[in-house]
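Summary of structural features
So the chains spell out like this:
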Amino acid sequence: MALSLSERLSRELSHLQASGLLISPRVLHTPSRAHVRIDGQDVINLASNNYLGFADHPALKEKAAAYLREWGAGAGAVRGIAGTLQIHEDFERQLAEFKHTGSALVLHSGFATNQGVLGALLQEGDLVVSDELNHASIIDGLRLTKATKKIFKHADIMDLERVLQENDTDGLKLVVTDGVFSMDGDIAPLDKIVEVARRYGAVTYVDDAHGSGVLGADGRGTVHHFGLEHADDVIQVGTLSKAWGGVGGYAAGHADLRELLINRARPFLFSTAQPPAVVGALSAALEVVRRDPSLMQRLWDNARYFKAGIESLGFDHLGSQTPITPVIFGEAPAAFEASRLLLERGIFATGIGFPTVPMGKARIRNIVTAEHTRDDLDKALEAYGTVGRDLGVV
Ligand SMILES: *Cc1c(COP(=O)(O)O)cnc(C)c1O
């Protein structure tokens, strides 16, 4: 007799429970801001990806509302059939111009972008060399392809070169890396990666989800940060869901990339286009970041201030180079306990343990935003000091 659905569900759930991996998301009773309300308590939010405060920004909401009124609630079809509205194409031109790339295409999310682009680009006989810490959506995207997959050690140029030396093909060679790694906050050494990739005739593919809106002039991203945006052998993908405040993903690079994706990327072909309000919000985000450089300034001032504070309390933040600030607590239960104690003190920051991060490196992952005030950060640091001492970590 076949397994019943209830049995499958209860077995899997108790397995997750037993291994401490069962999550139940916290519910926010306010928009995503520097301060949010959780369980009736006003808390300082260090858990979001809302780097520039765009999730609830007046200019984004205004343009979203204008597009909603003018263009409707939905796009009505998939992009390839009848869902490409003029605002989609206008935004893609705006994005390509912002990124300084030959073309840009927008998809539904960063996750869908990795599925779509890797799936569209790679064929049997191709070789992909992927950083061991790459995001889940890259791993899943690669599963959709028949290319040969090899892994290199995290950000390790020597190991990347070894893999490229040991594996050759007449097909496409693709080196795949995150631009900024979401758990440690380190930046991929793209200058070196691209240099090695070129020597072996490989194209570099950068998933810049945490670099978009954070690194490079006006937040143009990690590729821009390294001055590689004009390179035809670098493909940038990323998200419009984190710093840019809406939801969506993009692929930008070679002038012909867009056209191939329009024809081959399965999320583009088989999933309904982004609704007008989202396009409006994203378009406004690109305008605001160029009009108001103080946002990027505040983001980085806050990031530096918070990291310096964490360091002087005696915590390890793994030398993060970005506003992502991990605070190491050791084993997972300590990180989860710390998160709970911080929440009691009005600080919302999530604990992350194995298998998302290595054993012994369980942490609380903080993301400081442009919206936090010095007072917010001082309160958070004070709470970290107390909790760290209570748990014997500092
Ligand atoms: C968050 C993230 C994604 C997913 O982006 P969404 O737009 O939220 O789907 C993809 N890649 C990386 C590296 C990410 O950090």
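Here is what the cut-offs are and how they apply
- Residues numbered from 1 in each chain as written.
- Predicted model: local features only at pLDDT ≥ 70, side-chain atom pairs only at ≥ 80, totals over all residues.
- Heavy atoms only, no water.
- UniProt positions renumbered as here; feature names shortened; annotations may be inferred.
- Helix = DSSP H or I, 4+ residues; strand = E, 2+ residues; numbered from the N terminus.
- Rg over C-alpha atoms; globule rule 2.2 N^0.38 Å.
- Buried < 20%, exposed > 50% of the residue type's maximum accessible area, 1.4 Å probe, protein only.
- Contact = heavy atoms within 4.5 Å.
- Areas by Shrake-Rupley, 256 points an atom, 1.4 Å probe, with all protein chains shown as cover.
- Lys, Arg positive; Asp, Glu negative; His and termini not counted.
- Charge placed at Lys NZ, Arg CZ, Asp CG, Glu CD.
- Near = heavy atom within 4 Å.
- Polar contact = N/O pair within 3.5 Å; in protein donor to acceptor, adjacent residues only side chain to side chain.
- Nonpolar A, V, L, I, M, F, W, Y, C, P; charged D, E, K, R; others polar.
- Pairing = 2+ DSSP bridges.
- Axes fitted to C-alpha atoms, helices over the stretch in contact; angles between N-to-C directions.
- Parallel < 35°, antiparallel > 145°, perpendicular 65-115°, else oblique.
- Left-handed = near helix turned anticlockwise from the far one by under 90°.
- Domains from an automatic or database assignment.
- Buried area = accessible area lost by both parts, 1.4 Å probe.
- Salt bridge = Lys/Arg side-chain N within 4 Å of Asp/Glu carboxyl O.

As named in an unreviewed UniProt entry, the protein is 8-amino-7-ketopelargonate synthase, taken from Deinococcus lacus. For the record of the protein, the UniProt heading Function (unreviewed entry) holds the text "Catalyzes the decarboxylative condensation of pimeloyl-[acyl-carrier protein] and L-alanine to produce 8-amino-7-oxononanoate (AON), [acyl-carrier protein], and carbon dioxide." What UniProt states about the protein under its Pathway (unreviewed entry) heading is, verbatim, "Cofactor biosynthesis; biotin biosynthesis."

Within the protein one finds 15 helices and 13 strands. For 394 residues, the compact-globule estimate of 2.2 N^0.38 gives 21 Å, and the C-alpha radius of gyration of the protein, at 21 Å, lies within 12% of that figure. Dimensions of the protein, computed from the C-alpha atoms along their principal axes, are close to 60 × 55 × 55 Å. Counting all 394 residues of the protein, 54% fall into the buried class. Residue pairs in contact within the protein that sit at least 24 positions apart in sequence constitute 70% of those at least 6 positions apart. Carbon and sulfur atoms provide 53% of the accessible area of the protein, an area that totals close to 17,400 Å². The distance from the centre of the 39 positive side-chain charges to the centre of the 49 negative ones in the protein is 3 Å.

Moving on to unusual backbone geometry. Residue Phe354 is joined to Pro355 through a cis peptide bond whose omega torsion reads 10 degrees. With respect to the helices and strands, the residue Pro355 is situated in the loop between strand 12 (350–352) and strand 13 (362–367). In the Ramachandran plot, Asp218 falls in the positive-phi region, its phi being about 55 degrees despite a non-glycine side chain. Its location among the elements puts Asp218 in the loop between strand 7 (203–207) and helix 9 (222–225). Take Asp218: its relative accessible area is 24%, and that puts it in the partly exposed class. Phi at Leu318 takes a positive value of approximately 60 degrees, unusual for a residue other than glycine. Mapped onto the fold, Leu318 is located in the loop between helix 13 (294–312) and strand 10 (324–330).

Around the ligand, 13 residues are found, and the nearest of them are Gly110, Asp207, Thr239, Ser241 and Lys242. In this structure, Asp207 approaches the ligand through a side-chain N or O atom, which is 2.6 Å from a nitrogen atom. Here Lys242 contributes a side-chain N or O atom positioned 2.6 Å from an oxygen atom of the ligand. Broken down by class, the residue content of the shell around the ligand amounts to two nonpolar, eight polar and three charged.

What follows concerns the sheet that holds strand 5 (residues 148–152). If you trace the seven strands from one edge of the open sheet to the other, you get 3-9-8-7-6-4-5, paired in mixed fashion. Sheet topology places strand 3 (103–107) and strand 5 at the edges, where each strand pairs with a single neighbour. When strand polarity is set aside, the average angle formed by the axes of neighbouring strands in this sheet is 20 degrees. The sheet contacts of helix 5 (residues 110–121) involve strand 3, strand 6 (173–178), strand 7, strand 8 (234–239) and strand 9 (249–253), and relative to strand 8 the element is tilted by about 150 degrees. Contacting strand 3, strand 8 and strand 9, helix 10 (residues 257–264) crosses the sheet at an angle of about 30 degrees to strand 3.

This brings us to the packing of helix 5 against helix 6 (residues 136–143). The interhelical angle for the contact between helix 5 and helix 6, taken along N-to-C directions, is 30 degrees, at an axis separation of 8 Å. On the basis of the axis angle, helix 5 is roughly parallel to helix 6. Note on packing geometry: the crossing formed by helix 5 with helix 6 is right-handed. Residues Gly110, Phe111, Asn114, Gln115 and Leu118 of helix 5 pack against Ser137, Ile138, Asp140, Gly141 and Leu142 of helix 6. Of the residues belonging to the contact of helix 5 with helix 6, the class tally is four nonpolar, five polar and one charged.

The UniProt record annotates "domain: Aminotransferase class I/classII large" (unreviewed entry) at residues 42–383. The annotated region residues 42–383 carries 43% helix and 17% strand content, and the separation between its end C-alpha atoms amounts to 15 Å.

Annotation of the protein at the domain level lists domain 1 (23–55 + 293–390) and domain 2 (62–291). Each of domain 1 and domain 2 was reduced to a C-alpha centroid, and the two centroids are 27 Å apart. Taken together, the contact between domain 1 and domain 2 spans 24 residues of the former and 24 residues of the latter. Overall, the association of domain 1 and domain 2 removes approximately 1,800 Å² of surface from exposure, summing both partners, and the carbon and sulfur fraction of that is 65%. The interface formed by domain 1 and domain 2 includes one salt bridge. In this structure, Arg363 and Asp184 form a salt bridge, with 2.5 Å as the shortest nitrogen-oxygen distance.

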